[in-house]
Amino acid sequence: MAEESGCNATDDHVKTKLHLDCLRERVRNYIDKHHYESALFWADKVVSLSGGALEDMYWYAQTLYHTGQFHRAATLLCSRKLDKHYAACRYLAAKCHFECREWQEALNILDMADTSLARSSILNMSISQSFVDQDSSLPVKGINSSISLLRGRIYEAMDNRGLAADCFRRALQQDVYCFEALDLLVSHHMLTAQEEMDLLNSLPLTVCCGEEEMELVRFLYENRLKKYNKPGKQEVPESLSLLKNNMDVVVNLAERNYYNCDFQECFQITSSVLSKDPYHSQCLPLHIAALVELKKSNALFYLGHKLIDFYPNKPVSWFAVGCYYLLTKNYEPARRYLSKATSLEKTFGPAWLAYGHSFAADNEHDQAMAAYFTASQIMKGCHLPVLYIGLEYGLTSNAKLAERFFSLAKSIAPDDPFVLHEMGVIAFQNQDWHEAERYFKEALNRVQSVPYQNMPDKWEALLNNLGHVARKLKKYDEALEYHRQAELLLPQNPSTYAAIAYVHSLTGDNEQAVDYFHKALGLRREDAFSTTMLGSVIEALMVEVTPCDFPDEDSEAFGSTKLPLPPLPLQRGFVDLDSQSCLVSPSDRSSSMAIEEVEMDD
């Protein structure tokens, strides 16, 4: 009898085990199919039937997390001190508090780990293969990378972006395939372009990846880094040629075109991407910025309303609406909607920059600088906020502070042509003509290194400013050439006509000067400089004109003699250096600033 009872007990145990394995499989199956309520129901029963087995407790907490019951999941894990013994449970409990925006509680759970306990006892074999802590001397592929990533997100939410960047870098070092860490570093502009390249070069790719995978990972990551520092078209390795049509790779190409001011090409690429994937998250901000640059208000209006209908809780939706009102010069509603975008996601840099532009366009310089200062704190690795701050200081006639912020922007992005252009403007205002010429020519070389089909008209200001510097250095032929190139880029610009006329007047070609001053006044009648100079040049031209010769008999009859008119001094006039400074952001380069130079030539 005893033997029979023992056999029955063994059979019951086997049946129970088989029954539990079936239920566990059912729980995983429902999680895979996103039937979280069903998974929660059966996970709860599995915990009771197994007597609270560790693996079952973990998956029960997972189902609570998936159903949004974050406090229940955290309490389940912490009350049994599973968070102190097991890394997977510690990560899940901290993530639950993170989802509840309880940053300090989440950080406390990660910081109070009991490292004195043996790590080998983590859950059971099915979980330990995924979550066991590895030796720190080896590349970590388990939970350690996820913990570092979560810790970084907590620090970022607490506005400690320095520690957040360190945690994201650590997560990427522990798991080179953890793209989320790289994406947060790049999209939130936590590192400069050089720091991003240094991080990429420091990754243990040779240890973690095979030869083919190493080439794949390096290409995809390098393709994702900052674009404004790398002019030209991207090159896809022959071994990865199938990636040429990959959505993310194509969007990165569009971003490169955008930063090179080739807005039409950028728009064509983003339109193609959105025709296949209408709500591509990386493409949408870029497409919106291209619509702003190309002044396609109707398309922007339609896109904004569509995004609000489908994604009312995403910042990009309100960013689109705010950009529409910014484009149509309705600045008050633009600020309202852009402010809503920043409230939904504080680290959404494009909305902060556009928010500052809405004040700058309305000549509210203090409010614009406040928005740009906030953006500079959020986007420490991006030069655009400090560049805009410098422009605002320049508009308020504070050249020294403007130069300081331009220098800061140059330290972050030393090769960006927009920064070089603004440094040249400051040198021009300081009457350092040779330094200004050096900066402008360096910027032009950067622009010309891009294989444009046609140079964008955004660079008209750079060519005109090169003409002004050449005029100051008395290189009149060179100045005329630069101004004519600017005229080809942006015809019917009164400032360009006035500049060409002034150079002609300095070379003594008064007829051409009168012609171009007339063209300038035909486009801008209130131009005081052109009006003053036109009168002066006409008077000088009258001196050069020979009076009509009378017939010989009349001359003899009247005994007339040609008396020369007294020479009239050439009046000094104001030189109008109307340089539209190109303002460029990860998603909006739409602002511009006119810098007027009132230096007089001899």
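Described in the following lines is the structure provided in the data block.

### Quick notes on the overall build of the protein
Point 1. Looking only at helices and strands, the protein features 32 helices and two strands.
Point 2. Relative to its 602 residues, the protein shows a buried fraction of 49%.
Point 3. Within the protein, contacts between residues separated by at least 24 positions form 58% of all contacts whose residues are at least 6 apart in sequence.

### Concerning helix α19 (residues 315–327)
Helical geometry note: an α-helix holds 3.6 residues per turn, so side chains three or four residues apart project in the same direction.
Point 1. Here α19 contains 13 residues, and its C-alpha end-to-end distance of 18 Å stays within 8% of the 18 Å for a straight helix at 1.5 Å per residue.
Point 2. Inspection of α19 places Pro 315, Val 316, Ser 317, Trp 318, Phe 319, Ala 320, Val 321, Gly 322, Cys 323, Tyr 324, Leu 326 and Leu 327 among the buried residues, and these make up the whole buried set.
Point 3. Count one or two residues on from α19 and you reach Lys 329, which has phi positive near 65°.

### Topic: the side chain of His 383
Point 1. Within the secondary structure layout, His 383 lies in the loop between α22 (365–378) and α23 (384–395).
Point 2. A polar side-chain atom of His 383 sits 3.3 Å from a polar atom in the side chain of Asp 416.

### Looking at empty space enclosed by the protein
Point 1. Counted under the stated rule, the structure contains four cavities of 30 Å³ or more.
Point 2. Roughly 50 Å³ of internal volume is contained in the second largest cavity.
Point 3. Lining the second largest cavity, in full, are Arg 24, Val 27, Arg 28, Ala 43, Val 46, Asp 56 and Trp 59.
Point 4. Elements with a minimum of two residues in the lining of the second largest cavity: α1 (2–32), α2 (36–49) and α3 (54–66).
Point 5. Here the element with the most residues in the lining of the second largest cavity is α1; it accounts for three residues.
Point 6. A class-by-class count of the residues in the lining of the second largest cavity yields four nonpolar, no polar and three charged.

### Topic: the packing of helix α17 (residues 283–293) against α19
Point 1. Between α17 and α19, the least distance of the axes is 10 Å, while the angle of their chain directions is 5°. One element, α17, and the other, α19, form an angle in the roughly parallel class. Two secondary-structure elements touch here, α17 through Leu 284, Pro 285, Ile 288, Leu 291 and Val 292 and α19 through Val 316, Phe 319, Ala 320, Cys 323 and Leu 327.
Point 2. Grouping the amino acids of the contact of α17 with α19 by side-chain chemistry returns 10 nonpolar, no polar and no charged.

### Topic: the packing of helix α6 (residues 87–99) against helix α9 (residues 143–157)
Point 1. Closest axis-to-axis distance for the α6/α9 pair is 10 Å, and the angle between their directions is 20°. Judged by the inter-axis angle, α6 sits roughly parallel to α9. In this structure, the crossing between α6 and α9 has a hand that is left-handed. Within the contact between the two elements, α6 uses Ala 87, Ala 88, Arg 90, Tyr 91, Ala 94, Lys 95 and Phe 98 and α9 uses Ile 143, Ser 146, Ile 147, Leu 150, Arg 153 and Ile 154.
Point 2. Grouping the amino acids of the contact of α6 with α9 by side-chain chemistry returns nine nonpolar, one polar and three charged.

### Looking at the packing of aromatic side chains
Point 1. Following the criterion strictly, the structure yields 24 aromatic pairs and no others.
Point 2. Relative to Phe 348, the ring of Phe 319 has its centre 5.6 Å away and its plane inclined at 85°; by these criteria the two rings are edge-to-face. Linking Phe 319 in helix α19 with Phe 348 in the loop between α20 (331–344) and α21 (349–360), this pair joins segments that are 29 residues apart in sequence.
Point 3. In this structure Phe 319 comes out as buried when scored by relative accessible area, which is 0%.
Point 4. With a centroid separation of 5.6 Å and an interplanar angle of 15°, the aromatic rings of Tyr 325 and Tyr 337 are classed as stacked.

### Considering unusual backbone geometry
Point 1. Despite not being glycine, Arg 101 shows a phi value in the positive range, around 65°.
Point 2. Tracing the backbone through its elements, the reader meets Arg 101 in the loop between α6 and α7 (103–111).
Point 3. Classification of Arg 101 as exposed rests on a relative accessible area of 63%.
Point 4. Unlike most non-glycine residues, Asp 159 shows phi in positive territory, near 65°.
Point 5. With respect to the helices and strands, Asp 159 occurs in the loop between α9 and α10 (161–174).

### A word on the pattern of salt bridges
Point 1. The full count for this structure, using the stated rule, is 22 salt bridges.
Point 2. Taken together, the shared-partner salt bridges connect Glu 332, Arg 335, Asp 362 and Glu 364 into one network.

Rules behind the numbers
- Residues numbered from 1 in each chain as written.
- Predicted model: local features only at pLDDT ≥ 70, side-chain atom pairs only at ≥ 80, totals over all residues.
- Heavy atoms only, no water.
- Helix = DSSP H or I, 4+ residues; strand = E, 2+ residues; numbered from the N terminus.
- Buried < 20%, exposed > 50% of the residue type's maximum accessible area, 1.4 Å probe, protein only.
- Contact = heavy atoms within 4.5 Å.
- Expected span 1.5 Å × (residues − 1).
- Polar contact = N/O pair within 3.5 Å; in protein donor to acceptor, adjacent residues only side chain to side chain.
- 1 Å grid on protein atoms, 1.4 Å probe; cavity = no way out; pocket = protein on both sides within 12 Å on 5 of 7 lines; lining within 4 Å.
- Points joined across faces, edges and corners; volume = space filled by probe spheres on them.
- Nonpolar A, V, L, I, M, F, W, Y, C, P; charged D, E, K, R; others polar.
- Axes fitted to C-alpha atoms, helices over the stretch in contact; angles between N-to-C directions.
- Parallel < 35°, antiparallel > 145°, perpendicular 65-115°, else oblique.
- Left-handed = near helix turned anticlockwise from the far one by under 90°.
- Phe/Tyr/Trp six-rings, centres within 6.5 Å; stacked < 30°, edge-to-face > 60°.
- Salt bridge = Lys/Arg side-chain N within 4 Å of Asp/Glu carboxyl O.

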